[in-house]
Each structure stands twice: as C-alpha cells, then as structure tokens.
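# Summary of structural features
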Amino acid sequence: MELGEVLRDRRKAAGRTIASVAMDAGLSVPYIANLENGRGNPTVAALDRLAEALGARLEVRISGEAVAEVPSVAAGLVDGSPRAAELVQAVARRGRTRAAIRDELVRTLDVLGNLLGQPVEAADLDRLLDLVLLAEMRSSGPRRTH
C-alpha cells in the first residue's frame, strides 16, 4: 500500500479533515493533500509529525539483510476479491484503516492454511468473510439486557 493511501485511510478512519491534521502537525494543507495523492517527498520529520497528529507512531527500519518475501496465497485471494474489498470498506468505517483490516484478513487466512497444512482457497475466504459479516451483524444489532 502506498504512503498516500495509508495517510488518507488513517485520516478518514479518525474522522479528520486534511485541515485539522495539517494544523496539528504544523504542516500545510496542500502539502498533506499532495502526499495523500502520491506526490512529494516528505521528510522523516514531517512523517513523524503527521503520524503523531493521526495518533500513530512512525517506524523506520534499515536492515542489513534483504528480506525475501514469500508470496501469500491469502494475499492474492483477498486482493482479488470484490467481496473482500466491500467488507474491508464497511469495517473501515468503524475507525480502522483499510490496510489494517486487509492485513488481518490475510494473516487470518495464512494461519488457517498453516493449521490445515495446505494453501487456502477462494471458498476459505468466502467462509471467513461470512463469519466477519455475522460478527458485524451481531455487534451492530440490539443489545440484550439481563
């Protein structure tokens, strides 16, 4: 996920405007708008101020070894599913970023594949999405009192 998309998702999840984030971060509205649109070269200091204004923490790592990423079957399934995209969008309205929700879906499917000892399939993703939708319905339904 690109930096601009992460910034926009986090800002929107927090219910913030670019102007309010700019004020808290001590940055200009056009500067932040450009970053959200994939333009500009932010400094680490600017990113740190943005992260703080958004209630996050900036992490920068430099590693001595190249990390070979193992392609995730689950990531391909989630990224290629319009249904998963709709669910991620719906859950993101509750204050979490789309990137965080997508990553949780991928991790959950990866764990399921490890548990089963075989790669997950589209049917496994559909079952997981059904489970999340049921949980969403339960959490948004009327509360029972005892």
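Above this text is the structure in question.
Summarised in this report is the structure supplied together with it. Predicted model only: the values in this text are computed from it and were never measured.

## Here we look at the overall build of the protein chain
A count of helices and strands for the protein chain gives eight helices and zero strands. The buried share among the 146 residues of the protein chain stands at 27%. Of all intrachain contacts in the protein chain linking residues separated by at least 6 positions in sequence, the fraction that spans at least 24 positions is 57%. When the accessible surface of the protein chain is split by element, carbon and sulfur atoms take 54% of a total near 10,200 Å².

## Notes on the packing of helix H2 (residues 18-25) against helix H4 (residues 44-53)
The contact between H2 and H4 brings their axes to 8 Å, and the two run at 115°. Here H2 runs over H4; the crossing is right-handed. Taking contact as the criterion, the partners of Val-21, Asp-24 and Ala-25 in H2 are, on H4, Arg-49, Leu-50 and Ala-53. For the contact of H2 with H4, a count of residues per class yields four nonpolar, no polar and two charged.

## Some remarks on the side chain of Glu-36
Turning to its location among the elements, Glu-36 is positioned in helix H3 (residues 29-36). Residue classification places Glu-36 among the buried residues on the basis of a relative accessible area of 6%. Ignoring anything within four residues of it in the chain, the contact list for Glu-36 reads Gly-4, Glu-5, Leu-7, Arg-8, Arg-11 and Ile-18.

## A short note on the environment of Thr-97
Considering the arrangement of structural elements, one finds Thr-97 in the loop between helix H6 (82-92) and helix H7 (98-116). Only 3.1 Å separates the side chain of Thr-97 from the backbone nitrogen of Ala-100, close enough to count as a polar contact.

## A word on helix H1 (residues 3-13)
Among all positions in H1, only Gly-4, Leu-7, Asp-9 and Arg-11 are buried. Those residues of H1 hidden inside the fold are in contact with H2, H3, H4 and H7. Of the residues flanking the end of H1, it is Gly-15, one or two places downstream, whose phi is positive at about 70°.

## Points about H2
It helps to recall that an α-helix has 3.6 residues per turn; residues three or four apart then point in one direction. All of the buried residues along H2 are Ile-18, Val-21, Ala-22 and Ala-25. Within H2, the buried residues cover an arc of 100° as seen down the axis, which keeps them to one side. Relative to its buried face, H2 has exposed residues pointing more than 90 degrees away, namely Met-23 and Asp-24. Structurally, H2 contributes buried residues whose contacts are with H1, H3 and H4. Positive backbone phi, at 70°, marks Gly-26, one or two positions downstream of H2.

## A closer look at the pattern of salt bridges
Applying the stated rule across the entire model yields twelve salt bridges. One salt bridge connects Arg-98 with Glu-5, and the closest N-O pair in it is separated by 3.4 Å. Note that Arg-98 is positioned in helix H7 and Glu-5 in helix H1, a separation of 93 residues in sequence. The partner of Glu-36 in a salt bridge is Arg-11, with the nearest N and O atoms 2.6 Å apart. Here the residue Glu-36 occupies a position in helix H3, and Arg-11 occupies one in helix H1, the gap between them amounting to 25 residues. Connected through shared salt-bridge partners, Glu-5, Asp-9 and Arg-98 make up one network.

Rules behind the numbers
Residue positions are given per chain, counted from 1 along the sequence in the order it is written. In keeping with the model being predicted, local features are shown solely for residues with a pLDDT of at least 70 and side-chain atom pairs are shown and tallied solely at 80 or more, while totals for entire chains, interfaces and linings include all residues. Side-chain metrics rest on all non-hydrogen atoms present in the structure, leaving aside hydrogens and water. The helix and strand labels rest on DSSP assignments: H or I over at least four residues marks a helix, E over at least two residues marks a strand, and numbering proceeds from the N terminus. Think of it in three bands: residues with accessible area under 20% of the maximum for their type are buried, residues over 50% are exposed, and the middle band is partly exposed, with areas taken using a 1.4 Å probe on protein chains only. Should any heavy atoms of two residues lie within 4.5 Å, those residues are considered in contact. For every accessible area listed, the method is Shrake-Rupley and the probe measures 1.4 Å; residues are considered covered only by the protein chains on display. Angles here are taken between N-to-C directions and fall from 0 to 180 degrees, while the axes themselves are lines fitted to C-alpha atoms, restricted in helices to the stretch in contact. Each helix crossing is assigned a hand: it is left-handed if the near helix lies turned anticlockwise from the far helix by less than a right angle, otherwise right-handed if that turn is clockwise. When residues are sorted by character, Ala, Val, Leu, Ile, Met, Phe, Trp, Tyr, Cys and Pro go into the nonpolar class, Asp, Glu, Lys and Arg into the charged class, and all the rest, Gly among them, into the polar class. We define a polar contact as two N or O atoms separated by no more than 3.5 Å, with the added condition that, inside protein, one atom must be a possible hydrogen donor and the other a possible acceptor, whereas residues neighbouring each other in sequence contribute only through side-chain atom pairs. This arc is built from the directions going out from the helix axis to the C-beta atoms. Here a salt bridge means any side-chain nitrogen of Lys or Arg lying within 4 Å of a carboxyl oxygen belonging to Asp or Glu.

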